[in-house]
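Examining the three-dimensional arrangement
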Amino acid sequence: MSVLNSAAEVDTQDIRDEIPRVESMNDVQARDREYQQLATKAAYKADARLAEELMAKITDDEIRKETTLKVYSPLVRKAMDDKNWLLARAYAFKVSDPLGRTLILDTLMQRMAKAGEEKNRIREIYVATLNQLASDEPTDKVAKAFLLIARGQLAIDAELKREAINSAVSVLNGLAKKDEKFAESSIGGVIGTWIRYPEYSYRPDEVLALTDMTAQVFKELAKENPDTAYEISVGITHTGLRALSHLAISKGLMETLAMQPPARQPKKG
């Protein structure tokens, strides 16, 4: 049996009974939304097979993409609760939304680290996450996903962290050629449930604001390796973001200096 179809037997007959009604609907978009609701309901009942069958019936690409996040989020959570990391990873990589997928994978890696899993297994997921993002269409969500994975608290080697930040800068430079204002995609819905909020009063858009994420990444990198932070920052073509990164680097260096013990003065006489 495939790991993707290993969900426990549950009663989903009520969902199956609804399929003929939905199939008979003439309004294509309304029908797709009904399939989305049924697929999500099946996922919350841990019936992955039925959820995927229903999702395959959706004709609109954007609705299907949105549905992957709704369907696989509860399935990943259940797999993580069962410490079935392989299954959780498989489900997570089926999410089409790049930012949602990365948030899920970041949570998965955090849970694995907390459970004492081998660093190499976590590193493999980190690398796979970067590779998947590199194949996604470059958007503000992809840039945020690279920044998100770069600012993670996992003890991943410096080379991978640098790769993530460089990739974010590459996407941002591409977006800068199209729109200097960086019109950001709205964040909400299921994605919000995967965000670790610094305060409960924060909104998803605030936690994942592009400017704040950029500043945080460069400030933290400056504490670890100021030369690398500056080298990457000068490659940002957007003048506002480049200035922001330089300011963040300065703040990081100031915080580092503030934490150092004062130098001892030589005794006189």
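None of these values were measured; they are calculated from a predicted model. (Residues numbered from 1 in each chain as written. Predicted model: local features only at pLDDT ≥ 70, side-chain atom pairs only at ≥ 80, totals over all residues. Heavy atoms only, no water.)

Some points on the packing of helix 11 (residues 210–224) against helix 13 (residues 239–259)
The line we're drawing: To get an axis, fit a line to the C-alpha atoms, keeping to the stretch in contact for a helix; angles then go from 0 to 180 degrees between the N-to-C directions. What counts as a helix is a DSSP run of H or I of at least four residues, what counts as a strand is a run of E of at least two, and both are numbered from the N terminus. Roughly parallel covers angles under 35 degrees, roughly antiparallel covers those over 145, roughly perpendicular covers 65 to 115, and oblique covers all other angles. We call a crossing left-handed when the near helix sits turned anticlockwise from the far one by less than a right angle, and right-handed when that turn is clockwise. Throughout, a contact is declared for two residues whenever any of their heavy atoms are within 4.5 Å.
Where helix 11 meets helix 13, the closest approach of the two axes is 7 Å, and the angle between their N-to-C directions is 40°. By the criterion of interaxial angle, the relationship of helix 11 to helix 13 is oblique. Of the two elements, helix 11 crosses helix 13, and the hand of that crossing is right-handed. Two secondary-structure elements touch here, helix 11 through Thr211, Thr214, Ala215, Phe218, Lys219, Ala222 and Lys223 and helix 13 through Leu241, Leu244, Ser245, Ala248, Ile249, Lys251, Gly252, Leu253, Glu255 and Thr256.

Considering unusual backbone geometry
Which entries qualify depends on this criterion: Accessible area is worked out with a 1.4 Å probe on protein chains only. A residue is then buried under 20% of its type maximum, exposed over 50%, and partly exposed in between.
With a phi close to 65°, Ala46 is a non-glycine residue in the positive phi region. In this fold, Ala46 is placed in the loop between helix 2 (28–44) and helix 3 (48–56). Its relative accessible area of 10% is what places Ala46 among the buried residues. You will see that Lys83, though not glycine, has its phi angle at about 55°, which is positive. Position of Lys83 among the secondary structure elements: in the loop between helix 4 (61–81) and helix 5 (85–92).

Observations concerning the environment of Ala51
Along the chain, the position of Ala51 falls in helix 3. The exposure class assigned to Ala51 is buried, which follows from its relative accessible area of 0%. C-alpha of Ala51 to C-alpha of Leu38: the two residues are 13 residues apart in sequence and 7.5 Å apart in space.

A look at the nonpolar core
Applied cut-off: For the purposes of this section, nonpolar cores are sets of buried Ala, Val, Leu, Ile, Met, Phe, Trp, Tyr and Cys residues that join through side-chain atoms within 4.5 Å.
Residues Leu54, Val71, Val76, Leu103, Leu108 and Phe218 are the most contacted members of the largest nonpolar core, which totals 74 residues. Residues contacting Phe218, with those up to four places away along its chain left out, are Ile165, Val169, Ala229, Ile232, Ser233, Ile236, Ser245, Ala248 and Ile249.

Focus on the packing of aromatic side chains
Test applied: Aromatic pairs are defined between Phe, Tyr and Trp rings, using the six-membered ring for Trp, whenever the two ring centres lie within 6.5 Å; interplanar angles under 30 degrees are classed as stacked, those over 60 as edge-to-face, and all others as tilted. We call a charge positioned over a ring when the NZ of a Lys or the CZ of an Arg lies within 6 Å of the ring centre and within 35 degrees of the ring normal.
What the rule picks out here adds up to 1 aromatic pair. Directly above the aromatic system of Trp194 lies the positively charged group of Arg77, at a separation of 3.7 Å from the ring centroid.

Concerning helix 12 (residues 226–233)
The following threshold applies: Each C-beta atom gives one direction from the helix axis, and the arc is the one those directions make.
Those residues of helix 12 that fall on the buried side of the exposure criterion are Thr228, Ala229, Ile232 and Ser233. Buried residues of helix 12 fall within an arc of 130° about the axis and therefore sit on the same side. Looking at the buried side of helix 12, the elements it contacts are helix 9 (158–178), helix 11 and helix 13.

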